[in-house]
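Commentary on secondary and tertiary structure
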Amino acid sequence: MKITGVELRRIAMPLVAPFRTSFGTETARDVLLVRVVTPDAEGWGECVAMSEPLYSPEYVDGAAEVIRRFLLPALPRTLDANAVGRALEPIKGHRMAKAALETAVLDAQLRASGESFGRFLGAARDRVPSGVSVGIMDSIPQLLDAVEGYLGEGYVRIKLKIEPGWDVEPVRAVRERFGDDILLQVDANAAYTLVDARQLAKLDDFGLLLIEQPLANDDFVQHAKLAKQLRTPICLDESIESVEHAAAAIALGSCSIVNIKPGRIGGYLEARRIHDLCRANGIAVWCGGMLETGLGRAANVALAALPGFTLPGDTSASRRYFATDITEPFELSDGHLAVPTGPGLGVAPIPALLDEVTTATEWITL
Ligand code: SMG
Ligand code: MG
């Protein structure tokens, strides 16, 4: 496949409500889209980096810069998606930028051959169960209202964002109000240290599916120590940037569950490698989210249909974040999202909607 050129497009999507985590509050999604053009088809990749480097070191301006300055010049003139990762290997890190580029190449390749992402990746089902991530709120009543709304919409699993000062009480309140049967988990986004082990152990009373990323991104050893002090399974998100990290976490006992976010680990091919490794080691995985538009969501839903994804993911409906998506919106049906079946991602931006949210475009001829 020969790439003629690449468009970098910046869009600004207002969120339906602020989304607060232990590291900050998002009120709009600032997204970098990569469009790869070939003679036969074009393909889209969504970069999951956020405006500021608070979730991980990457951020949107930096991703755009590394793509135009280092990644695109490193691509061979003709290639397929398998060659992208290899060609970009000399450039260290920047996995979110690399993932966006590789996904766009893969999408173009699959659209040209008429194969869907799900079929290419090895999807084992045609729909995936939907969980929802619920931000930190100003009060417990406000949280309970939000959770009630999501359960009413049919979400099959609730994830509560936590931080020191907002952990045991919100979990207790949700359990008391909605009972022991709802699937419930928490995500700390690295807000604790090992010194907090006793506080985190209080969560053991509530039958949580897992606690996600309690400690710092690079604390593999301390997560292993914490795992010995908790009954609640530890799931790693930020810590796992590659299949090698996943192998280290499994060997050390740092986690028993992995949140696979293709954007964080360099793309869908690496995501499949981590899925395969975890499956062979009896480690459950689920698909995380980064408030993706319909483009990124489509690929995530396809990935979440692989057989090792045994827990519901943060694959929620488009309207969880956006009043208007840039593609046909993903909608819940009986708590599930349908895996797209069309070529490539199976969805495409609707030009008028895309233009409305576009803040900048840049064309790079290759
Ligand atoms: O796409 O539903 C989604 C977001 C899910 O909570 C979510 N993502 O750490 O897992 C995580 C966070 C990262 C983004 S927070 C702004
Ligand atoms: Mg997380």
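Within each chain, residues carry numbers counting from 1 in the order of the written sequence. Just so you know, chain letters begin at A and ligand numbers begin at 1, following the order they were written in. pLDDT decides what is reported in this predicted model: residues at 70 or higher carry local features, side-chain atom pairs at 80 or more are listed and counted, and totals for whole chains, interfaces and linings draw on all residues regardless. To obtain the side-chain values, all non-hydrogen atoms of the structure were used and water was disregarded.

1. Here we look at the sheet that holds strand S6 (residues 157–161)
Neighbouring strands of a sheet are bound in pairs by backbone hydrogen bonds; such pairs are parallel or else antiparallel. Formally: We call two strands paired when DSSP finds no fewer than two bridges between them. Helix and strand definitions follow DSSP, with helices as H or I runs of at least four residues and strands as E runs of at least two, each counted in order from the N terminus.
Spatially, the 7 strands line up as an open sheet ordered S5-S6-S7-S8-S9-S10-S11, and their pairing is parallel. Each edge of the open sheet carries a strand with a single partner, namely strand S5 (131–134) and strand S11 (284–287). Pairing geometry for strand S8 (residues 211–212) and strand S9 (residues 234–236), over 2 bridges, is parallel. Its bridge partner being in S9, Glu-212 is matched across the sheet by Cys-235.

2. Digging into the domain arrangement of the protein chain
Operational definition: Each domain's extent is set by a domain assignment, obtained either automatically or from a database. The contact definition used throughout considers only heavy atoms, calling two residues in contact when any of these lie within 4.5 Å. Salt bridges, as used here, are contacts in which a Lys or Arg side-chain nitrogen is within 4 Å of a carboxyl oxygen on Asp or Glu. A 3.5 Å cut-off defines polar contacts: any pair of N or O atoms within that distance qualifies, except that in protein one atom must be a possible hydrogen donor and the other a possible acceptor, and neighbouring residues in sequence count only when both atoms are side-chain atoms.
Once the domains are mapped, the protein chain shows domain 1 (5–114 + 349–365) and domain 2 (118–338). For domain 1 versus domain 2, the separation of C-alpha centres amounts to 23 Å. In this complex, domain 1 contributes 33 residues to the contact, which on the side of domain 2 involves 43 residues. Scanning the region where domain 1 abuts domain 2 turns up 2 salt bridges. A salt bridge links Arg-20 to Glu-163; the nearest nitrogen and oxygen atoms lie 2.8 Å apart. Linking domain 1 with domain 2 are 13 residue pairs in polar contact (both at pLDDT 80 or more), by the criterion used here.

3. Structural notes on the pattern of salt bridges
Pairing between side chains becomes possible if they bear opposite charge and their charged atoms approach one another. Our working definition: Summary of the burial criterion: residues with accessible area below 20% of their type's maximum are buried, those above 50% are exposed, and those between are partly exposed, where the area comes from a 1.4 Å probe applied to protein chains only.
This structure, assessed with the given rule, holds 23 salt bridges. Here Lys-159 and Glu-212 are joined by a salt bridge, their closest N and O atoms 3.0 Å apart. Of the two residues, Lys-159 is situated in strand S6 and Glu-212 in strand S8; the sequence distance between them amounts to 53 residues. Take Lys-159: its relative accessible area is 2%, and that puts it in the buried class. A relative accessible area of 0% places Glu-212 in the buried class.

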